[in-house]
Amino acid sequence: MSRATFEEFAREELPGLLRYAVMLTGDRELAQDLVQDVMVKAHSRWRRIEAADHPRLYVKTMLTRAFISWRRRWAVRNIVLSDDPVDGEPERDHALSIVDRADVWQRLATLPRQQRAVLVLRYYERLTDSEIATMLGCTDGTVRGYASRALTALRLNITAELSNAKEPT
Amino acid sequence: MTQQLRDTFLAHEHLAPNADLALEAIEHRIRTRRRSRAAVTGAVVAVAGIVAGASVVAGGTHRSTPAPTHIPVAKQPTAPPTRAALPAPAHLTIAAGWLPAGTMHEVIASNGFGSQMRGYDVSTGATSTYVLISAEPGTALPTSYKRGTPRDVRIGGHLVREWSVDDWYHAAFVRPGGGVATIEIEGGANQGKGADGSAAELAAVGQHVLTAMRFDRHDPIKADFAIGYLPPGLAVRSVTRDKSSGTSYILAPPTAKVSDTMPDYTTVSELPETHAQLAQGASRSHKKPGQPLTPGRPVKGHVTYLSSDTTPTSLWVDSVRPGVSIQITGGPGATTANDLYRIADGLILP
């Protein structure tokens, strides 16, 4: 089977990589920057990447690791939790509303990058913990630890907010 | 919660940037990089083997010129090299004449195909700022870069085209003596401990760096090994030393120009991994990274591996120092295993 050129690879994979980068960064502009940085680097390493059995996985791993070690100021742009009070107790048994999704999206921005990356890989990319461990270069146990802490943090935030909402004003 | 997360991710897919525009921007950056940073084509580390620059602590708000301390790179080799290093573009004439206060480390130094690049990381403990300067041939200012809209301003007597977007600043100007100089400043945070100042503050830093940029230095590029043999018709056209990934050389015909269609020339690059680490990684991820896997003959006492592919051929000289190997990848003028072994035999290692 002939190997894809870099341009062919980019045309085929960019939409998915950009979506994935949005999930990691939570921001359209940062996702664009991250993918550009990684793809420029991937171009310079293309001979090595094209020889891999799974070039897409290779580049996605580059993207994930670049996100975790990236130099940009995530805190400034991403921690934008809403101060809007919760208007009454949410009806949790309803289908997730647009407001709820926006709320979870904002809470994701408060997580450390490793934890967010694990959640994205688990629940968006639907990788196994073992596959995530390979991608992040850590053990399965570490992945489970990140996921557990992330989910706990998200639940704690929601619980805390619900508690505040219930308190008499 | 898990279903909430899945729904949340899917509900935000629409935020993904336009792929066609992204590809256009990537291709532009690749073209720019080829022209202005040809020396970094390999992108992996390689060391030039001549002499070293040094970390400098910039104090207070005073100007801090990175005055490299010239240290012999070959740290008392166990056996004297049997041949001299071949000529390489191993010096830089550009330097940052001013950097913000903090502890400075030079993170990249590159000279190749007529272009130079030098990058500094300035840390104050909680935050860090990345400063990248370059000089390249040509007379045309870039019209686009990454994102944002440029504006033309006059700074320090230069007509400057600058981009200022959040924590990132980029500027370019045509030098009076010819060539285009660029600077890029990126504000960063260390381990999420904090963030730098506003876009305006970062732009002010960038403009200060721009006005103080030097072009009259003769600073050697730090190098951990040197090239001692060249296949007929090839010359050392590029040397790059990167703090995190090592040193890299590009071997190409003396007359080769940088262009969009530049072939993959022969590279001799350090890699921050050994064959064992590579094999372990490949096994875990069930992938074949295209690295040499067939054991070859020893070179200077080091185990080697040859690419199992028919083309291109790569030679992996394993563990030239702890955790570091050298990969020689063939290109025009060095296409056979014998060519690669001759280059390997000629390496001058510390």
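Okay, so let's go over this structure. Residue positions are counted from 1 within each chain, in the order its sequence is given. Going through the entries in the order they are written, you letter the chains from A and number the ligands from 1. Only residues with pLDDT of 70 or above have their local features reported here, since the model is predicted, and side-chain atom pairs are shown and tallied only from 80 upward, although totals for entire chains, interfaces and linings are computed over all residues. Hydrogen atoms and water are omitted, and side-chain values are computed over all heavy atoms in the structure.

Note on conventions: DSSP H or I runs of at least 4 residues are helices, E runs of at least 2 residues are strands, and numbering of each starts at the N terminus. Within chain A, the secondary structure is distributed over 9 helices and 0 strands. The order of α-helices and β-strands along chain A, N terminus first, is α-α-α-α-α-α-α-α-α. Buried residues are those whose accessible area, probed at 1.4 Å on protein chains only, stays under 20% of the maximum for their type, while exposed residues exceed 50% and partly exposed ones sit between those limits. Looking at the 169 residues of chain A, the share that counts as buried comes to 48%. Contact between two residues is taken to exist if any of their heavy atoms lie within 4.5 Å; hydrogens are not considered. Here the contacts in chain A between residues at least 6 apart in sequence split such that 71% fall between residues at least 24 apart. Shrake-Rupley sampling with a 1.4 Å probe provides the accessible areas, and residues are treated as covered by the protein chains on show and by no other component. For chain A, the exposed area adds up to about 8400 Å²; of that, 49% sits on carbon and sulfur atoms.

Next up on the list: the overall build of chain B. The number of helices and strands found in chain B is 5 helices and 20 strands. The buried share among the 350 residues of chain B stands at 56%. Carbon and sulfur atoms form 53% of the exposed surface of chain B, whose accessible area is close to 14500 Å².

The subject of this paragraph is the packing of aromatic side chains. Aromatic pairs are defined between Phe, Tyr and Trp rings, using the six-membered ring for Trp, whenever the two ring centres lie within 6.5 Å; interplanar angles under 30 degrees are classed as stacked, those over 60 as edge-to-face, and all others as tilted. One pass over the full model with this rule turns up 5 aromatic pairs over all chains. Ring centres of F6(A) and W46(A) lie 5.5 Å apart, and the angle between their planes is 80 degrees; on these two criteria the pair is classed as edge-to-face. On the criterion of sequence distance, the pair formed by F6(A) in helix α1 (residues 6-25) and W46(A) in helix α3 (residues 46-50) is long-range, its members being 40 residues apart. Side by side, F6(A) and W46(A) carry an identical accessibility label, which is buried. Aromatic side chains F9(A) and W46(A) sit 5.1 Å apart centroid to centroid with 50 degrees between the ring planes, which places their arrangement in the tilted category. With F9(A) in helix α1 and W46(A) in helix α3, this residue pair connects regions lying 37 residues apart in the sequence. When its relative accessible area of 7% is taken as the criterion, F9(A) is described as buried. W46(A) gets classed as buried once you look at its relative accessible area, which sits at 11%. Here the aromatic residues F6(A), F9(A) and W46(A) are joined through ring pairs into a cluster of three or more. Above the ring of W105(A), the side-chain terminus of R116(A) is found at 5.1 Å from the ring centroid. Against the face of F215(B) rests R175(B), its NZ or CZ located 3.9 Å from the ring centre. Remark: a charge is flagged as sitting over a ring if the NZ atom of Lys or the CZ atom of Arg is within 6 Å of the ring centre and within 35 degrees of the ring normal.

Residue and element names in this part refer to chain A. For every element, the axis is a line fit to its C-alpha atoms; helices are fit only across the contacting stretch, and the angle between N-to-C directions ranges from 0 to 180 degrees. Interaxial distance between helix α2 (residues 28-44) and helix α4 (residues 55-69) falls to 10 Å at its minimum, and their mutual angle equals 130 degrees. In terms of orientation, α2 lies oblique with respect to α4. Like other packed secondary-structure pairs, α2 and α4 cross with a definite hand, here right-handed. Counting all contacts with α2, which are made through L34, V35, V38, M39, K41 and A42, the residues of α4 involved are V59, M62, L63, A66 and F67. A class-by-class count of the residues in the contact of α2 with α4 yields 10 nonpolar, no polar and 1 charged. We call two directions roughly parallel when the angle between them is under 35 degrees, roughly antiparallel when it is over 145, roughly perpendicular when it lies between 65 and 115, and oblique otherwise. We call a crossing left-handed when the near helix sits turned anticlockwise from the far one by less than a right angle, and right-handed when that turn is clockwise. Throughout, the ten residues Ala, Val, Leu, Ile, Met, Phe, Trp, Tyr, Cys and Pro are labelled nonpolar, Asp, Glu, Lys and Arg are labelled charged, and all others, Gly among them, are labelled polar.

Turning our eyes to something else, we now look at α1(A). The terminal C-alpha atoms of α1(A), which comprises 20 residues, lie only 24 Å apart, well short of the 28 Å expected from a rise of 1.5 Å per residue. Following α1(A) by one or two positions, G26(A) adopts a phi angle in the positive range, close to 75 degrees. Each helix should span, by expectation, one fewer than its residue count multiplied by 1.5 Å.

The next thing to look at is unusual backbone geometry. Residues and elements named next belong to chain B. With a phi close to 50 degrees, K300 is a non-glycine residue in the positive phi region. Assignment of secondary structure puts K300 in the loop between β17 (294-295) and β18 (304-306). Judged by relative accessible area, K300 falls into the partly exposed class, the value being 43%. Positive phi, normally seen in glycine, also occurs at S319, with a value near 50 degrees.

Right, let's get into the nonpolar core. The nonpolar core is taken to be a set of buried Ala, Val, Leu, Ile, Met, Phe, Trp, Tyr and Cys residues, with the residues joined through side-chain atoms within 4.5 Å. Of all hydrophobic cores here, the largest spans 58 residues; its most connected members are L14(A), M39(A), L108(A), L119(A), L5(B) and F9(B). Sort the elements by how many residues they give to this core and α1(A) lands first, with 11 residues. Filtering out sequence-adjacent residues up to four positions away, L5(B) remains in contact with V104(A), L108(A), L119(A), Y123(A), L151(A) and L154(A). In this structure, I221(B), A223(B), I326(B) and L349(B) belong to the second largest nonpolar core, which totals 29 residues.

Because each turn of an α-helix spans 3.6 residues, side chains separated by three or four positions in sequence point in the same direction. Counting buried positions along helix α8 (residues 129-136) of chain A yields 6 of 8 residues, so the element is predominantly enclosed. Among all positions of α8(A), only D129(A), I132(A), A133(A), T134(A), M135(A) and L136(A) are buried.

Here we come to the pattern of salt bridges. All names here are of chain B. Only one rule defines a salt bridge in this text: a Lys or Arg side-chain nitrogen within 4 Å of an Asp or Glu carboxyl oxygen. The full count for this structure, using the stated rule, is 17 salt bridges over all chains. Between D216 and R214 there is a salt bridge, and its shortest N-O distance comes to 3.1 Å. E270 is the partner of R321 in a salt bridge, and the nearest nitrogen-oxygen pair spans 3.0 Å. With R321 in strand β19 (residues 314-321) and E270 in strand β16 (residues 266-271), this residue pair connects regions lying 51 residues apart in the sequence. Residue R321 is classed as partly exposed on the basis of its relative accessible area of 30%. A relative accessible area of 2% places E270 in the buried class. Through salt bridges with shared partners, a single network forms among E106, R118, R217 and D219.

Another aspect to go through is the pairing of β19(B). The side chains of a regular strand alternate between the sheet's two faces. Residues and elements named next belong to chain B. Buried residues dominate β19, accounting for 6 of its 8 residues. DSSP bridges decide pairing: two strands pair if at least two such bridges lie between them. Examined bridge by bridge, β19 and strand β20 (residues 324-329) share 5 bridges and lie antiparallel to one another. Bridge pairing links W316 to Q327 in β20. Connecting the antiparallel pair β19 and β20 is a turn made up of 2 residues, with G323 showing a positive phi of about 75 degrees.

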